[in-house]
Amino acid sequence: MFRSAKSILVAGLSLSLTLGTAGAIASEKYGFGKTATAEEIQGWDIDIRPDGMGLPGGEGSVADGEALYEQLCATCHGLFGEGEGRWPVLAGGEDTLTEERPVKTVGSYWPYASTLYDYIRRAMPFTAPRSLSDEQTYQLSAYVLYLNEIVDEDFVANKETLAAVEMPNQEGFFVDPRPDVSNTRCMENCADPSKLQIVGTLQGITPVGHFVEGADAPAASHHEQEQKERQMHGEESAEQGHQAALSDSAVAGRDTYDNACQACHNSGIAGSPKFGDKSAWKDRIGQGMQVLVDHAINGYSGDTGIMPPKGGRSDLSDKQVEQAVAYMVESSQ
Amino acid sequence: MSKQIRSLSTRELMAQLARESDGLSIADRRDFLKKGMLAAGAMTATTFAGGAVAATGKNLPPMEPSWGRKLGAGVVDKPYGVPSEYEKEVVRRTVPWLTAESIASISMTPIQDLQGIITPNGLVFERYHAGVAQINPQEHRLMIHGLVERPIIFTMEDLMRFPSVSEIKFIECPANGGMEWKGAQMEALQFTHGMLSCCEWTGVPLRVLLEEAGVKPEGKWLLAEGADGSHMSRSIPIEKALDDALVVYAQNGEMLRPEQGYPLRLLNPGWEGNTSIKWLRRLEVGDKPWYHREETSKYTDLMEDGRARKFTFVQETNSVITNPCPEKPIVKPGLIEIEGLAWSGRGKIKQVDVSFDGGVNWVPANLKGLVLDKALTRFSLVTKWDGQPWLLQSRAIDETGYVQPTLGQLREARGTNSIYHKNSIHTWKVEATGGVKNVQIS
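Residues numbered from 1 in each chain as written. Chains lettered and ligands numbered in written order. Predicted model: local features only at pLDDT ≥ 70, side-chain atom pairs only at ≥ 80, totals over all residues.

The next subject is the overall build of chain B. Scanning chain B from N- to C-terminus turns up 7 helices and 23 strands. The burial tally for chain B puts 54% of its 442 residues in the buried class. The long-range fraction of contacts in chain B, counting pairs at least 24 apart against all pairs at least 6 apart in sequence, stands at 71%. (Helix = DSSP H or I, 4+ residues; strand = E, 2+ residues; numbered from the N terminus. Buried ≥ 20, exposed ≤ 12 C-beta atoms within 10 Å, placed from the backbone. Contact = placed C-beta atoms within 7 Å.)

Turning our attention to the domain arrangement of chain B. Residue and element names in this part refer to chain B. Parsing chain B into structural domains produces domain 1 (1-46 + 314-442) and domain 2 (124-299). Taken together, the contacts link 25 residues of domain 1 with 26 residues of domain 2. Elements supplying a minimum of two residues to the side of domain 1 that touches domain 2: strand 15 (318-323) and strand 23 (436-441). At 3 residues, strand 23 tops the list of elements feeding residues into the side of domain 1 that touches domain 2. Residues that form the side of domain 1 that touches domain 2 fall into these classes: 11 nonpolar, 9 polar and 5 charged. (Domains from an automatic or database assignment. Nonpolar A, V, L, I, M, F, W, Y, C, P; charged D, E, K, R; others polar.)

The next subject is helix 5 (residues 206-213) of chain B. Each α-helix turn comprises 3.6 residues. Residues three or four places apart therefore point the same way. Residue and element names in this part refer to chain B. Residues of helix 5 that are buried include every one of Leu206, Leu209, Leu210, Glu212 and Ala213, and no others. Buried residues of helix 5 fall within an arc of 155° about the axis and therefore sit on the same side. Residues of helix 5 that are buried sit in contact with strand 3 (141-146), strand 4 (152-155), strand 6 (196-205), helix 6 (238-243) and strand 9 (246-251). In the segment just after helix 5, glycine 214 is the residue with positive phi, at about 75°. (Arc of directions from axis to C-beta.)

Turning next to the packing of helix 3 (residues 62-72) of chain A against helix 6 (residues 134-147) of chain A. Residue and element names in this part refer to chain A. Relative to each other, helix 3 and helix 6 sit at 95°, their axes nearing to 7 Å. The orientation of helix 3 with respect to helix 6, classified from their angle, is roughly perpendicular. Contacts between helix 3 and helix 6 involve Val62, Asp64, Gly65, Glu66, Leu68 and Tyr69 from the former and Gln136, Gln139, Leu140, Ala142, Tyr143 and Tyr146 from the latter. A class-by-class count of the residues in the contact of helix 3 with helix 6 yields 7 nonpolar, 3 polar and 2 charged. (Axes fitted to C-alpha atoms, helices over the stretch in contact; angles between N-to-C directions. Parallel < 35°, antiparallel > 145°, perpendicular 65-115°, else oblique.)

The next point concerns the nonpolar core. In this structure, Ala142 of chain A together with Leu222 and Val247 of chain B are the most contacted members of the largest nonpolar core, which totals 160 residues. The biggest single contributor to this core is helix 6 of chain A, with 8 residues. Beyond its immediate stretch of four places on either side in the chain, alanine 142 of chain A contacts Gly60, Ser61, Val62, Gly65, Val151, Phe155, Val156 and Ala157 of chain A. (Core = buried A, V, L, I, M, F, W, Y, C linked by C-beta atoms within 7 Å.)

Next up on the list: the sheet that holds strand 12 (residues 280-286) of chain B. On the basis of which strands lie adjacent, the open sheet formed by 6 strands has the order 1(A)-4(B)-3(B)-12(B)-7(B)-8(B) and mixed pairing. A single partner strand is all that each edge strand has here, and the edge strands are strand 1 (34-35) of chain A together with strand 8 (233-237) of chain B. In this sheet, strand 12 of chain B lies alongside strand 7 (residues 221-226) of chain B in antiparallel orientation, the contact comprising 6 bridges. Residue pairing for strand 12 of chain B: glutamate 225 of chain B is matched across the bridge by arginine 282 of chain B. (Pairing = 2+ DSSP bridges.)

Residue and element names in this part refer to chain B. Burial of strand 8 is extensive: 4 of the 5 residues sit out of reach of the surface. Examined bridge by bridge, strand 7 and strand 8 share 5 bridges and lie antiparallel to one another. Residue pairing across strands places glutamate 225 opposite serine 233, the latter belonging to strand 8. Between the antiparallel neighbours strand 7 and strand 8 lie 6 residues, among them histidine 231 with a positive phi of about 45°.

Across a sheet, paired strands are connected by hydrogen bonds in the backbone, their directions being either parallel or antiparallel. Spatially, 5(A)-23(B)-22(B)-21(B)-17(B)-18(B) is the arrangement adopted by the 6 strands of the open sheet, whose pairing is antiparallel. Looking along the sheet, the strands with just one partner apiece sit at the ends: strand 5 (198-199) of chain A together with strand 18 (363-364) of chain B. In this sheet, strand 21 (residues 390-398) of chain B lies alongside strand 17 (residues 349-355) of chain B in antiparallel orientation, the contact comprising 6 bridges. Residue pairing for strand 21 of chain B: glutamine 351 of chain B is matched across the bridge by isoleucine 397 of chain B.

Contact with chain B, which involves 95 residues of that partner, is made by 76 residues of chain A. The pairing of strand 5 of chain A with strand 23 of chain B spans 2 bridges and is classified as antiparallel. Each residue of the ladder has a partner; that of valine 199 of chain A, found in strand 23 of chain B, is glutamine 440 of chain B.

Our next topic: the packing of helix 5 (residues 114-123) of chain A against helix 6 of chain A. Residue and element names in this part refer to chain A. For the pair helix 5 and helix 6, the least separation of the axes is 9 Å and the interaxial angle reads 130°. Of the possible angle classes, the one that applies to helix 5 and helix 6 is oblique. Where helix 5 crosses over helix 6, the two elements pack in a sense that is right-handed. Between helix 5 and helix 6, the residues in contact are Leu116, Tyr117, Ile120 and Arg121 and Thr137, Leu140, Ser141 and Val144, respectively. (Left-handed = near helix turned anticlockwise from the far one by under 90°.)

Glancing now at the domain arrangement of chain A. Residues and elements named next belong to chain A. Per the domain assignment, the segments of chain A are domain 1 (49-164) and domain 2 (238-330). Each of domain 1 and domain 2 has a C-alpha centre, and the two are 28 Å apart. Of the residues lining the interface, 12 residues belong to domain 1; the matching set on domain 2 comes to 13 residues. Taken together, the elements giving at least two residues each to the side of domain 1 that touches domain 2 come down to helix 3 and helix 4 (74-77). Top element by residues in the side of domain 1 that touches domain 2 is helix 4. It accounts for 3 residues. Within the side of domain 1 that touches domain 2, the residues separate by chemical class into 6 nonpolar, 5 polar and 1 charged.

Moving on, we come to helix 3 of chain A. Restricting attention to buried positions, one finds in helix 3 of chain A the residues Val62, Gly65, Tyr69 and Leu72 of chain A. Projected down its long axis, helix 3 of chain A carries its buried residues within an arc of 95°, all on one side.

What follows is about the environment of leucine 140 of chain A. Residue and element names in this part refer to chain A. Mapped onto the fold, leucine 140 is located in helix 6. Classification of leucine 140 as buried rests on a count of 26 C-beta atoms within 10 Å. Each C-alpha atom, one on leucine 140 and one on alanine 280, is 31 Å from the other, the two residues being 140 residues apart in sequence. Sequence-distant contacts of leucine 140, that is, excluding residues within four places in its chain, are made with Gly65, Leu68, Tyr69, Cys73 and Ile120.

With that settled, the discussion passes to the environment of proline 79 of chain B. On the secondary structure map, proline 79 of chain B appears in the loop between helix 2 (29-45) and strand 1 (105-106). Considering only alpha carbons, one finds proline 79 of chain B and alanine 308 of chain B, 229 residues apart in sequence, at a separation of 51 Å.

One rule of thumb: low pLDDT means the predicted coordinates there are not for detailed reading. All names here are of chain B. Chain-level statistics for chain B give a pLDDT mean of 90 and a share of 87% at 70 or above. Contacts from residues 17-52, a stretch scored under 50 in pLDDT, to residues over four places away or in other chains number 55 contacts. Scored by ipTM, the complex comes to 0.87, with pTM at 0.85. (pLDDT = per-residue confidence, 0-100.)

Residues at a pLDDT of 70 or more form 87% of chain A, whose mean pLDDT is 87. Taken as a whole, residues 4-18 of chain A scores under 50 in pLDDT and shows 3 contacts with residues more than four places along the chain or in a different chain.

Structure below.
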């Protein structure tokens, strides 16, 4: 077997030698890959530049942006761009860049309005990136600029008007000048020992449970921290909740939950009931599955927060949403 | 080998600091620093080393251990091997309150537990903006277009046909240590310095791919973009792209882990990790930078005057002592090997010095193992500890002559609001108990 394979190899080699193609290839191109078509490039070429390069046709008004923002963005970024929890603050913060706690927002910090369109288009909404139309992206860009009082309420964003917007902090950036400090390799008596100030560490905010026994400290992952907080409130953990037998519908909903719903419901963004949090779910479950499923599919504005239609995941079928609701409900009762 | 440390002024210094700090209120954070030195003993007493299960007598000499009296698992019991069950504590960790939740977050490598300079693939720190994309390599494409002669789409198979290179390089998040600009607040090495990993990366020089497409003379910048839900994008100067940037598909001998961008990522050696776009799907050549979110809103360094530095790409020379450290206190007096890691985004590490008295006097350490360009470099100094308090520091110097700065020098130049690029000399306070605390010296 080895022998026959070898003879084939030898035959192949001598063939190529007689054709004169052996030897090192220096500057020639490899020719790998296929030439990209204009259509292929257009589909992926989503980036926008400050000079407006990349901005598509169409337009979007502040007014239309307001409705869409409240539906898709406010749960994390707050109704006025003030930010919920640790989600990014979008508006305000003017004149805070020199303060001890600067608030870096679109209005106070971002140098170009084009970045807004680019970022919304490539990454937002968080749970459903690349789901917005060009017009919707213009609408949201316009509204966030309006929240920052950079444009008036009658502003309509399009290729020309957005590229023309001048941001307050446009001149606030300069190119990296490092190395900007110059230490020397001193070996002896490099500092006056009597003038050394020693500052200790803030205690109790570092996860140290893995090496300090019995430490009263945060957990070392978001998931474990969730569990810990739940236990502190005397509730069963989500894991324990899973133990209960789930219906077929709930089992089928688990993937949908993991891929979509958990982005908010795992941590309880902006008042959403946390997965496994029995007290948060109790009254909701009391309304009946039909109401919960209706709210999940069609959207709902409650006292504590907003449930966008299908959580912003319009790609999900009604059936998938229904199954995910069953999974969450059965795991939280 | 062993270099004896002149501890002459150290004892005097510590005694003096202890006197001065007596009686201060714990309530005030700025004063706590001094008080912390005194209060530290109690905490250290509860410190235990790692997750090792206490040995039982029946497996110790003169007894024959239980594992020597039976058979173990056979071959392919674990088709893909995993660490010993006794190493369960060697894992990535995060600080949950840093981020809203885990999908857009960061975790840290347990550098306190690692040896040598290579980070095992399962322990490389993670940074996601939209979670880990799960990509079918057969459906993954890299598109190069813009100011090029021939826009190209590569399959993974195409990319792996190019002659490959393998290089050992570190990746560091520019926010490594960034939680401590205003003051020390992390009680463990994993959280002060763990946004740092070093692997052998295999792939194709980006220069080769750009030559294949033919960059037009006006092409000065490159936009790199990921295929994940965040479609993360950064503008890269063409000089870097043509210099040492790589498009890699493997790390430490196997295909990239999904967490590291499987099946393809960019690697900009020595530059802030954020520029090494994971799940790389697109490279566009342009004549100007794009000023996207990750190079304006984030990854810009705010100075005291309210202006901000942009395109702060290089990870400057840095170092930290990994033994001892808060997670690895000194267990008993006697000889000890002080060990640590040094690295520079500008080249090779040339020298590391160690101070035992908070930077008053310094002793040269030895570099051990491989000393490579833009790679982690391990340093070592064998000395003796007999219970004296230490203010332990390391100071790295790279081949350009740049000397790692003090925290005071950095703050003087930049204030305390820049978040990124805090590469200052780090201090561990070693107490009489052998316990180690994170402190800052100014």
